[in-house]
Amino acid sequence: MRYIIGEKGNTLNNFEYLISVLRKFKNIKIVVDSNNYKEKREISLRELARKKGKIVLSTGNAIKLNPMSARERKIIHEEVSFMHGLKTESFGEEPKRYLVIKKFDNKIK
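All values derive from a computational prediction rather than experimental measurement.

### Considerations on the sheet that holds strand E1 (residues 63-64)
With antiparallel pairing, three strands are arranged side by side in an open sheet as E1-E3-E2. The open sheet has two edge strands with one neighbour each: E1 and strand E2 (86-91). Here six bridges tie E2 to strand E3 (residues 98-103), and the two strands are oriented antiparallel to one another. Bridge pairing in E3 places Glu89 opposite Val100. Along the sheet, helix H3 (residues 37-59) contacts E1, E2 and E3; its crossing angle with E3, the most-contacted strand, is approximately 40 degrees. Across the sheet, helix H4 (residues 70-81) lies against E2 and E3, angled at about 160 degrees from E2, the strand it touches most.

In structure tokens, the structure reads:
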């Protein structure tokens, strides 16, 4: 299974992308998964977002996360959006694009 999933799900995501490109003209979305990897990864990313978000709220210091795929960044963005007083920002270029979780500055300038 680890060869199908690849490091951080890269092989799985690339395979899914390749198939979707081939089927793009049929307007069909294809999802490729192995051993519930994507569901497990989503759960761990949501836990990571909540854990890091709590640290940012308690310390006031922004936290930079490791680079991740667009799909994974979207999950983090979404989870942090549920936490009052926090926001996320993306920085960098693919494939090293990463997120920063920080306190939301709601002051009017």
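### Things to note about the nonpolar core
The biggest cluster of nonpolar side chains holds 13 residues, and the ones touching the most others in it are Leu65, Ile76, Val80, Leu86 and Ile101. Counting only elements with at least two residues in this core, the list comes to H3, H4 and E3. Beyond its immediate stretch of four places on either side in the chain, Leu86 contacts Gly53, Val56, Leu57, Val80, Ile101, Lys102, Lys103 and Phe104.

### Some points on a nonpolar patch on the surface
On the surface, Phe15, Leu18 and Leu22 cluster together into a nonpolar patch covering about 330 Å² of accessible area. Note on placement: Phe15 falls in helix H2 (residues 10-23).

### Re unusual backbone geometry
Here the amide bond leading from Glu94 into Pro95 is cis, since omega sits at 0 degrees, within 30 degrees of zero. As for its position among the elements, Pro95 is in the loop between E2 and E3. Phi is positive for Asn35, close to 55 degrees, though the residue is something other than glycine. We note that Asn36 has phi near 55 degrees; this positive angle belongs to a residue other than glycine. Topologically, Asn36 is positioned in the loop between H2 and H3. Among the residues examined, Asn36 registers a relative accessible area of 44% and is labelled partly exposed.

### Comments concerning H4
Taking 1.5 Å per residue as the helical rise, H4 with its 12 residues ought to reach 16 Å, and the 16 Å between its terminal C-alpha atoms agrees with that figure. Among the residues of H4, those classed as buried are Glu72, Arg73, Ile75, Ile76, Glu79 and Val80. For H4, the buried positions fall inside an angular range of 155 degrees around the axis, keeping them on one side. Among the exposed residues of H4, those pointing more than 90 degrees away from its buried face are Lys74 and Ser81. Next to the buried residues of H4 lie H3, E2 and E3.

Rules of the game
Residues numbered from 1 in each chain as written. Predicted model: local features only at pLDDT ≥ 70, side-chain atom pairs only at ≥ 80, totals over all residues. Heavy atoms only, no water. Pairing = 2+ DSSP bridges. Helix = DSSP H or I, 4+ residues; strand = E, 2+ residues; numbered from the N terminus. Contact = heavy atoms within 4.5 Å. Axes fitted to C-alpha atoms, helices over the stretch in contact; angles between N-to-C directions. Core = buried A, V, L, I, M, F, W, Y, C linked by side-chain atoms within 4.5 Å. Buried < 20%, exposed > 50% of the residue type's maximum accessible area, 1.4 Å probe, protein only. Patch = residues over 30% accessible without salt bridge, like charges linked within 9 Å, V, L, I, M, F, W, Y side chains within 5 Å. Areas by Shrake-Rupley, 256 points an atom, 1.4 Å probe, with all protein chains shown as cover. Salt bridge = Lys/Arg side-chain N within 4 Å of Asp/Glu carboxyl O. Expected span 1.5 Å × (residues − 1). Arc of directions from axis to C-beta.

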